[in-house]
Amino acid sequence: MSTIILDGNSLTIEDVVRIARQGVKVAIADAARDEIIRVRAYIEENWLTENAPPTYGFNTGVGKLKDYAISQADNDKFQRNIVLSHCSGIGEPASEEIVRAMMAVRINAFCLGASGLRIEVVDRLVEMLNRGVHPIVPIQGSVGASGDLAPLAHMVSVLIGYEEAEAIFEGERMTAPKALEKAGITPATFDLRAKDCLALINGNSLCAGMASLNLYDAERLMKLADATGALSLEAIRGEQAAFDPRIHAVRKQPGQIATAENIRRIIADSRRTTEACRAVHLEDDILHPKHSARVQDQYSFRCLPQVHGSCRDQLEHCKTIVTRELNAATDNPLVFWNDRGALEFLSGGNFHCEPLGFAMDILTIALIEIGNISERRLFALCDTTLNYGLPPNLAGKPIGLNYGYGIISTAAAAVASENKTLAFPSTADTIPTKSSQEDHVSMATWACRKTRQVLDNVPKILGIEAMLAAKAIFLTQEALGGFQLGAGSQALYDLIKSRLPLQQEDAYMQRQSVPAIQMARSGELLDVVEAKVGALN
């Protein structure tokens with residue numbers, strides 16, 4: 001629970017997760033604090049005058065209203081008006097963890113010293129985050145172009161203590177002034193000054209925060225997919241040769257190499273794969289004893305390293321993009337020192353969320369593939385033309401009287417198909433907004449939300465695969481009198497067997513599928529494997 005020091009350069013995805021989910025506190029690095037103060041002091045001395053040149057959002061209107069001048073006398077009211085008009089989010093509130101992630105990323109952006117807002121504003125936002133004042137932020141309404149304007153405006157409405165804004169504090173929804181007062185943040189109302197508001201709302205912090213949470217969860221799911229795939233491989237008495245490190249070394253794809261290594265570690269010392277079965281003269285399967293050795297398995301088993309590995313490579317690329325964005329200044333305009341020791345305001349487009357949109361579109365497709373190949377493996381477990389002697393539908397004896405797992409495998413197929421409809425890239429769409437001043441948008445916020453939908457679906461498929469693989473192994477052990485699984489897969493099987501009613505006779509499916517999916521979603525299935533074989537790649 002140590003405090004994370006924000007300096008604008010070193011924030012990681014794991015840091016964001018700790019802040020968002022574990023309530024870890026943040027502090028501003030001394031050097032960053034000094035630079036924020038130095039920049040603002042120059043602005044106050046040289047730019048808060050009526051004769052300052054027109055500067056976007058500083059002494060002019062914003063968006064299409066950029067050509068309208070704002071007097072210094074009206075600037076404080078202008079700041080408030082921007083907040084009120086931009087609180088235009090719609091839909092359900094974002095989760096508290098998303099809001100916390102967004103706040104942390106926004107604070108870190110200010111640490112680069114290029115935003116020009118007051119240190120008092122940054123400190124107030126730090127206080128809100130550290131004391132658990134979580135603004136109500138409607139999740140819809142951002143097109144990922146001028147940053148996440150509407151979501152961030154809702155955050156700012158709480159920061160200024162606007163009487164109609166709302167926040168969650170200690171689990172209770174209440175007005176912003178009440179939440180601030182209960183948290184001991186004073187004064188309950190707070191005035192913004194020139195440049196404060198635009199610095200607060202004009203950035204991609206919602207997208208970057210959501211993307212960080214998505215990537216963290218996706219990485220764990222990809223490791224879990226290796227574990228469930230390994231258990232399925234042993235369930236069908238699969239071939240080990242496809243995971244030989246020499247095969248993957250000559251392909252040279254790092255994700256593929258890492259995945260194959262994971263599988264080898266999980267199935268280490270197995271006496272259920274074909275090579276091991278032949279070595280100890282075990283019967284090859286249940287229905288066809290002494291079946292001739294197969295040459296190779298179908299793709300969903302044999303090409304597991306190639307598919308999972310490719311998905312993992314995409315995830316690594318996305319992590320690089322998102323980590324850069326976590327440590328970026330993304331508002332407009334930005335201020336920079338020139339070679340004469342003076343500040344310059346530069347208008348640009350760092351707020352455009354295209355990098356994050358692409359990253360989440362790519363991650364979504366990779367996750368969909370993880371679900372697709374998992375569904376193919378669990379389908380194979382139920383199909384007698386593919387499962388090498390396992391009962392149809394993995395039905396217990398007597399078959400026919402017992403139906404087995406045909407319908408729950410259909411449920412997995414339904415979810416996999418639902419995922420496919422979410423594969424259309426958000427960044428392929430754009431819609432002009434604000435009188436075409438913003439004529440190209442990224443839709444990155446939707447890309448992040450869509451990724452989260454897939455992240456919610458994939459554990460359902462992986463949980464069902466783990467359940468079916470465990471049932472297949474149970475039936476095989478019932479027939480053969482037991483055998484040794486790999487080190488990691490044995491731990492996975494033992495956990496599932498301890499929680500689910502594995503038996504010959506049909507059991508109420510909800511007693512099986514619900515806990516299996518929950519163990520996949522919570523990470524318990526992965527944790528038990530890693531506790532046995534060490535952290536997976």
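See above for the structure.
The structure contained in this document is the topic of the report that follows. Quick caveat, the model's predicted, so the values are computed rather than measured. (Residues numbered from 1 in each chain as written. Predicted model: local features only at pLDDT ≥ 70, side-chain atom pairs only at ≥ 80, totals over all residues. Heavy atoms only, no water.)

Secondary structure assignment for the protein yields 20 helices and 9 strands. Reported as C-alpha extents along the three principal axes, the dimensions of the protein are approximately 95 × 50 × 45 Å. Long-range contacts, defined as pairs at least 24 residues apart, comprise 76% of the intrachain contacts of the protein with a sequence gap of at least 6. (Helix = DSSP H or I, 4+ residues; strand = E, 2+ residues; numbered from the N terminus. Contact = heavy atoms within 4.5 Å.)

This next bit is on the packing of helix α4 (residues 96-110) against helix α6 (residues 149-159). For the pair α4 and α6, interaxial distance at closest approach is 11 Å and the crossing angle is 90 degrees. With respect to each other, α4 and α6 are oriented roughly perpendicular. Across from Met102, Met103 and Arg106 in α4, the residues of α6 making contact are Pro151, Leu152 and Met155. Looking at the contact of α4 with α6 residue by residue, the classes come out as 5 nonpolar, no polar and 1 charged. (Axes fitted to C-alpha atoms, helices over the stretch in contact; angles between N-to-C directions. Parallel < 35°, antiparallel > 145°, perpendicular 65-115°, else oblique. Nonpolar A, V, L, I, M, F, W, Y, C, P; charged D, E, K, R; others polar.)

As a further point, take the nonpolar core. Counting 153 residues, the largest nonpolar core has Val133, Leu192, Leu200 and Leu468 as the members making the most contacts within it. Element by element, the count of residues in this core is highest for helix α17 (residues 444-480), at 18 residues. One finds Val39, Val335, Leu343 and Phe345 within the second-largest nonpolar core, a separate group that totals 9 residues. (Core = buried A, V, L, I, M, F, W, Y, C linked by side-chain atoms within 4.5 Å. Buried < 20%, exposed > 50% of the residue type's maximum accessible area, 1.4 Å probe, protein only.)

A few words now on the sheet that holds strand β6 (residues 166-169). Here we have 3 strands laid out as an open sheet, ordered β4-β6-β7, and antiparallel in their pairing. In the strand order of this sheet, the two ends are held by β4 (133-135) and β7 (172-175), each with one partner. The average undirected angle you get between the axes of adjacent strands in this sheet is 35 degrees. Two elements, β4 and β6, share 3 bridges in a ladder whose sense is antiparallel. Residue Val133 lies in a different strand from β6, and its bridge partner there is Phe169. Strands β4 and β6 of the sheet are contacted by α6, whose axis makes an angle of about 135 degrees with β4. (Pairing = 2+ DSSP bridges.)

Okay, the packing of aromatic side chains next. Following the criterion strictly, the structure yields 4 aromatic pairs and no others. Consider the rings of Trp47 and Phe345, whose centres lie 4.6 Å apart with planes at 65 degrees: the pair is edge-to-face. Of the two residues, Trp47 sits in the loop between α2 (30-46) and α3 (75-86) while Phe345 sits in strand β9 (residues 343-346), which places them 298 residues apart along the sequence. Of note, Arg272 hangs over the ring of Phe483, and the distance from its end group to the ring centre comes to 5.1 Å. Arg376 extends its terminal NZ or CZ atom over the ring of Phe379, reaching a point 4.3 Å from the ring centre. (Phe/Tyr/Trp six-rings, centres within 6.5 Å; stacked < 30°, edge-to-face > 60°. Lys NZ or Arg CZ within 6 Å of the ring centre and 35° of its normal.)

On to the side chain of Glu530, then. Among the structural elements, Glu530 can be located in helix α20 (residues 524-533). Residues within four places of Glu530 in sequence aside, it is in contact with Lys223, Ala535 and Leu536.

A few words now on the pairing of β9. With burial as the criterion, only one face of β9 is covered, namely that bearing Leu343 and Phe345; the residues Glu344 and Leu346 on the opposite face remain uncovered. Pairing analysis gives 4 bridges linking strand β8 (residues 334-337) to β9, with the strands arranged antiparallel. Following the sheet pairing, Phe336 is matched in β9 by Glu344. Turn length for the β8-β9 hairpin, with the two strands adjacent in sequence and antiparallel, is 5 residues, and the turn residue Gly341 shows positive phi of about 80 degrees.

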